[in-house]
Amino acid sequence: MNLLIVAYLLGKLCMACAGALLVPLIMALYLGESCLSAFVISALLAAVISFLLYRWGNFEDTHITFREGVAVVSGAWLVISFLGAMPYYLSGTLDFISAIFESISGFTTTGATTITAIEEVAKSLLFWRSMTHWMGGIGIVVLFIAFLPNIGSGAVHMFNAEVTGPTEDRVVPRIRATSLALCKIYLLFTVVETGLLCWAGMSFYDGINHAFSTIATGGFSTYDTSIIHFNSPLIEGIIAVFMVLAGGNFALYFSVWKKGPKEFWHDTEFKGYIFFVLAGTLLIALNIFYKMGFSVQESFRHAFFQVTSIISTTGFVSNDFDVWPAFSKYILVLLMFIGACAGSTAGGIKVSRIVILGKLILAEIRHIIHPSMVTNVTMNGKHVPDRVIAGIGRFFFLYMMLFAGLTLLLAGTGLSVTDSIGAIAATISSVGPALGVAGATSTYATISPFGKLVICIAMLLGRLELFTLLVLIRPEFWRSTRNW
Amino acid sequence: MNKKLILHLWGVITLVVSVGMLLPLVMTVLTNENRIAEFGIPVLISIAIGLLLTRGVNPYKGRLALREGMLVISGAFIFVCILGMLPFWLAGFPLIDALFESVSGFTTTGASVLGDLSKIPRELLLWRSLTQWLGGLGIIMVFITMVPQVGREALQLFTGELHGESAERLLPRITETMKLLAYLYSGFTFTVTLMFFLAGMDFFEAITHAMAIVSTGGFSIYNDGLRHFNNNAINLVALICMFIAGGNHVLYFRSCREGLGRLFKDTEFKAYALLIGVFGLFITINLYSNGFYNLGDSMFNSFFQTVSIVSTSGFAMANYDVWPDFSKYCLFLLMFVGGCSGSTVGGIKMSRMVILLKLTGQELKRTIHPRMVTTITMTDRIVPSKLIGGITRFFFIYITVFFLSATLLSLVGDLSMFSAAGIAAACLASVGAAFETVATITGYAGLTNGAKIVAMLTMLLGRLEIVTLLVIFNPNFWKKE
């Protein structure tokens, strides 16, 4: 492995992190908040680490293989989680493990929080918290869509096949252009949503924080009670629409931008996504209408907001869904597993994978009935190669196994079965608020330090689409390349 | 479609069931003459239908296509469940309860809705145990007989059974093999009965429980199941026999010929033993450290429950619903795994899990070495890639059906999340006993009718390996060619 390149790239990332820390630093200075020193120390620390890595690193030999890619991605998460946690830890807001938890939850756009009295925390610190979401989100969009479509196996890889095919030098200019365009869309969404939220009655500070959270499908709010605090159908509506948008494929928006809105209806995954949103809303609305005594309007309002919040893996809360009937909770858990579209900042298994697996079952049934029939699975009118299908089947199995295994670990800390299942389902698909002990209106603060570590691993595994992180634990990865 | 052959096969199966029903009928005649109609009428009906189909329809020879085979199995299963329901229905139970009990019996699940078992006549209890035993026998037979009919490749594709090859080698002597397997099954039942008898049960108790154990069903004739006896010798016999019943019967058959060494060369059997060992230890440690029992009892209880769940029997020697959540979650996970293929267990089955795990390991290896050629082997044999594709599809559909069933149960049954998940998992894997309200198998009596119907469908889907049932409910299936 070429460690020099890894160091060089990580150094660059730390530099960016130090730069980002300057924003809340200036804010703290302006507002005269006591956490100023924490930001100063964190920024300095980031700068020093960056300087050291930079000096050691070297970018002359520009050949990056898969192994360096994995090392950079994993190293980046390690470094950034650590640096991102520093402000929480140094300002005395959280203990070390919780600070790391909060930081990972931020950068993975999960939105699971361990802060119990959010209103009492310094504004600059909360802004940093929302910023981690936003930066994590943009990192994911650019990294996974444009640079490393190979690392997340299956769906991510599939929808942008043109990037993976041809040789490097032909692709690099196109990657630049694509990632720039994606960043523009991301930025545009953020600006528009901030504007709309301010118009709907939020302060500018709240507006930008929630916009950061929404577009990154994160879920951190500046209030303990999340969106319940505002109690405004207008604000809920705006956030819900942007959650749906943020859960869509950013590369699709790019082609809509270029070729017109017809593209939406040519996209199988987007149609499936909208179907899940509508079906989920309808089922939950009916269920809570009959069981919870809401009015028709209220039922649909809360159902729509909660369904969009969960399927886009954001995790905002407009009504305490922990007291909803078990059927509604099951639908929400199912949506957690499904997640939103590939090529977005959302987590979960992703709609495209679910759609392909569903079509595969239908194809198998047809094949049994007509044994000599050639059955194909298509997405967007294109044939899905067998290799991709096999990868998706394996991905699904691994997702479920890791889910079961991590839940077992969490149950080992003494949490109840429902609590453990809820917590892992919510964090492996980067939703955030779970059922039970870490439910809609409570936090992860009460979970033991070991449990928090398990959940951190769940968040990282879910975010890196499992295989990237698991490759690291194989001995072959660390061996020399000479035998390849 | 070869309608004549299908009808003929259904007739044969109906006759077998009517012979099974003769046993409780004889018992009724001897002990309780005014209840003869309960078994007399169903016996007459099934004999009449059976004779009509076997005598009246003359099958011309021919092979069954895979879809026809599926129709034979699913149709026979549903038909037999309806026939088996009749005695319960005629005895005065509501239609849904009677059907539930019959489905639960023939699928070897062991969930019961009859309520207080001490008030139920003995011949009905005997029939209940018999349904499980016949269901188990049928499952083992189907597995062997389907192979020559539809071809090994096709069968492997939808069941993921790996032992087709060994069956193929036995193909010329298929009738003989079937007979031997039936003898093995009956002999095993006889041995278990004898052991239970020696351990302190009376003859009726011994035979009903033996039938439930050999078929990995789980029906007992007492409300509190094996706890009624409070006898560790009985528990030990049950533990060992459940473990054996969860193994591959074809493998036992071959081990009889080739020596016991064959047993421990088998990848699936090794994984089965390992899984039970590992989870048994987990639960032992959890129970002991939480101060539930002393070390010996922790171990006995944990291994008993682990084996009972993995073999999808569903017996209990203690109220495990009060155990710590970690132990309960372990048991919940084990419900999905199930025992070995080629036995009467439900669930995803060991062989599939092992292949899927090996596949994941292989994928990680290939991510690092993209050009590496890798193969997956089971017991020194390479698993064909077609089969692997079928297994990943099966896994997906199994999990999907589980989720849908649990969601529906929570709606129609007004159940808590974990309780609904427990019932869905237990019915899909034909375990029976689950958690909270249904921690004992008789707890199903408290479910709403809607929940009973969903649970019944789940049992059928699980037993018929889902795809079979989905195929025959597909409209294309019934279209003319």
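Residues numbered from 1 in each chain as written. Chains lettered and ligands numbered in written order. Predicted model: local features only at pLDDT ≥ 70, side-chain atom pairs only at ≥ 80, totals over all residues.

**Some remarks on the interface of chain B and chain A**
Contacts between chain B and chain A engage 43 residues on the former and 39 residues on the latter. If you list the elements that add at least two residues to the side of chain B that touches chain A, you get α3 (66–90), α14 (325–337), α15 (350–368), α16 (385–412), α17 (417–428), α19 (467–472) and α20 (475–478) of chain B. In terms of residues, the side of chain B that touches chain A owes the most to one element, α16 of chain B, which gives 12 residues. Residue composition of the side of chain B that touches chain A, grouped by class: 27 nonpolar, 10 polar and six charged. (Contact = placed C-beta atoms within 7 Å. Helix = DSSP H or I, 4+ residues; strand = E, 2+ residues; numbered from the N terminus. Nonpolar A, V, L, I, M, F, W, Y, C, P; charged D, E, K, R; others polar.)

**Focus: the nonpolar core**
The biggest cluster of nonpolar side chains holds 299 residues, and the ones touching the most others in it are Met-335, Ala-424 and Ala-425 of chain B. Broken down by element, the residue count for this core peaks at 15 residues, all from helix α1 (residues 3–31) of chain A. Dropping the residues within four chain positions of it, Ala-424 of chain B is found in contact with Phe-402, Ser-405, Ala-406, Leu-409 and Thr-458 of chain B. (Core = buried A, V, L, I, M, F, W, Y, C linked by C-beta atoms within 7 Å. Buried ≥ 20, exposed ≤ 12 C-beta atoms within 10 Å, placed from the backbone.)

**A word on the packing of helix α17 (residues 386–412) of chain A against α15 of chain B**
Remark: α17 of chain A packs on α15 of chain B, axes separated minimally by 10 Å, with the N-to-C direction vectors making an angle of 110°. Judged by the angle between their axes, α17 of chain A and α15 of chain B are roughly perpendicular. Every residue of α15 of chain B that contacts α17 of chain A at Arg-394, Phe-397 and Leu-398 of chain A is listed here: Leu-356, Leu-359, Thr-360 and Glu-363 of chain B. Of the residues contributing to the contact of α17 of chain A with α15 of chain B, the split by class is four nonpolar, one polar and two charged. (Axes fitted to C-alpha atoms, helices over the stretch in contact; angles between N-to-C directions. Parallel < 35°, antiparallel > 145°, perpendicular 65-115°, else oblique.)

**With respect to the environment of Leu-53 of chain B**
Residue and element names in this part refer to chain B. Turning to its location among the elements, Leu-53 is positioned in helix α2 (residues 36–56). Classification of Leu-53 as buried rests on a count of 20 C-beta atoms within 10 Å. C-alpha separation for the pair Leu-53 and Gly-346, spaced 293 residues apart in sequence, amounts to 30 Å. Beyond its immediate stretch of four places on either side in the chain, Leu-53 contacts Leu-7, His-8, Trp-10, Gly-11 and Thr-14.

**Topic: helix α14 (residues 296–311) of chain A**
All names here are of chain A. An ideal rise of 1.5 Å per residue puts 22 Å on 16 residues; α14 measures up with 22 Å between its terminal C-alpha atoms. Burial of α14 is extensive: 12 of the 16 residues sit out of reach of the surface. The set of residues buried in α14 consists of Ser-299, Arg-301, His-302, Ala-303, Phe-304, Phe-305, Gln-306, Val-307, Thr-308, Ser-309, Ile-310 and Ile-311. Against the buried residues of α14 lie α10 (233–247), α13 (268–292) and α15 (326–338). Thr-313 sits one or two positions beyond α14 and adopts a positive phi of about 55°. (Expected span 1.5 Å × (residues − 1).)

**Comments concerning the confidence of the model for chain A**
The pLDDT averaged across chain A works out to 84; a share of 88% of its residues lies at or above 70. Below a pLDDT of 50 lies the segment residues 148–172 of chain A, which in the model reaches 47 contacts outside its immediate sequence neighbourhood of four places, other chains included. (pLDDT = per-residue confidence, 0-100.)

**Describing the confidence of the model for chain B**
The predicted structure's coordinates, where accompanied by low pLDDT, should not be read in detail. Residue and element names in this part refer to chain B. Of the residues in chain B, 87% have a pLDDT of 70 or more, and the chain-wide mean is 83. Here residues 147–172 scores under 50 on pLDDT; set against residues more than four positions off or in separate chains, the count is 53 contacts. Interface scoring of the predicted complex returns ipTM 0.89; its pTM is 0.90.

**Some words on unusual backbone geometry**
The phi torsion at Thr-313 of chain A lies on the positive side, around 55°, for a residue other than glycine. Here Thr-313 of chain A lies in the loop between α14 and α15. Positive phi, normally seen in glycine, also occurs at Asp-414 of chain B, with a value near 55°. Here Asp-414 of chain B is to be found in the loop between α16 and α17.

**Notes on the packing of helix α9 (residues 204–215) of chain A against α10 of chain A**
If you want to describe how two helices pack, look at the angle between their axes and the distance between the axes. For the pair α9 of chain A and α10 of chain A, the least separation of the axes is 8 Å and the interaxial angle reads 35°. On the side of α9 of chain A, the interface is formed by His-210, Thr-214 and Ile-215 of chain A, while α10 of chain A contributes Ile-239, Phe-242, Met-243 and Ala-246 of chain A.

**Points about helix α2 (residues 36–56) of chain A**
Residues and elements named next belong to chain A. Taking 1.5 Å of rise per residue, 21 residues should cover 30 Å, and α2 covers 31 Å from first to last C-alpha, within 8% of that figure. Of the residues making up α2, those classed as buried are Leu-36, Ala-38, Phe-39, Ser-42, Ala-43, Ala-46, Ile-49, Ser-50 and Leu-53. One side of α2 carries all its buried residues, which in axial view fall inside an arc of 165°. What points out from α2, more than 90 degrees from its buried face, is the exposed set Ser-37, Leu-44, Val-48 and Arg-55. (Arc of directions from axis to C-beta.)

**Thoughts on the environment of Thr-216 of chain B**
Residue and element names in this part refer to chain B. Residue placement: Thr-216 occurs in the loop between α9 (203–214) and α10 (232–245). Residue class for Thr-216 comes out buried when judged on the 33 C-beta atoms lying within 10 Å of it. In the structure, Thr-216 is positioned 119 residues away from Asp-97 in sequence and 21 Å away in space, judged by C-alpha atoms. Ignoring anything within four residues of it in the chain, the contact list for Thr-216 reads Thr-108, Gly-136, Met-242, Ala-245, Gly-246, Ser-311, Thr-312, Ser-313, Thr-344 and Val-345.

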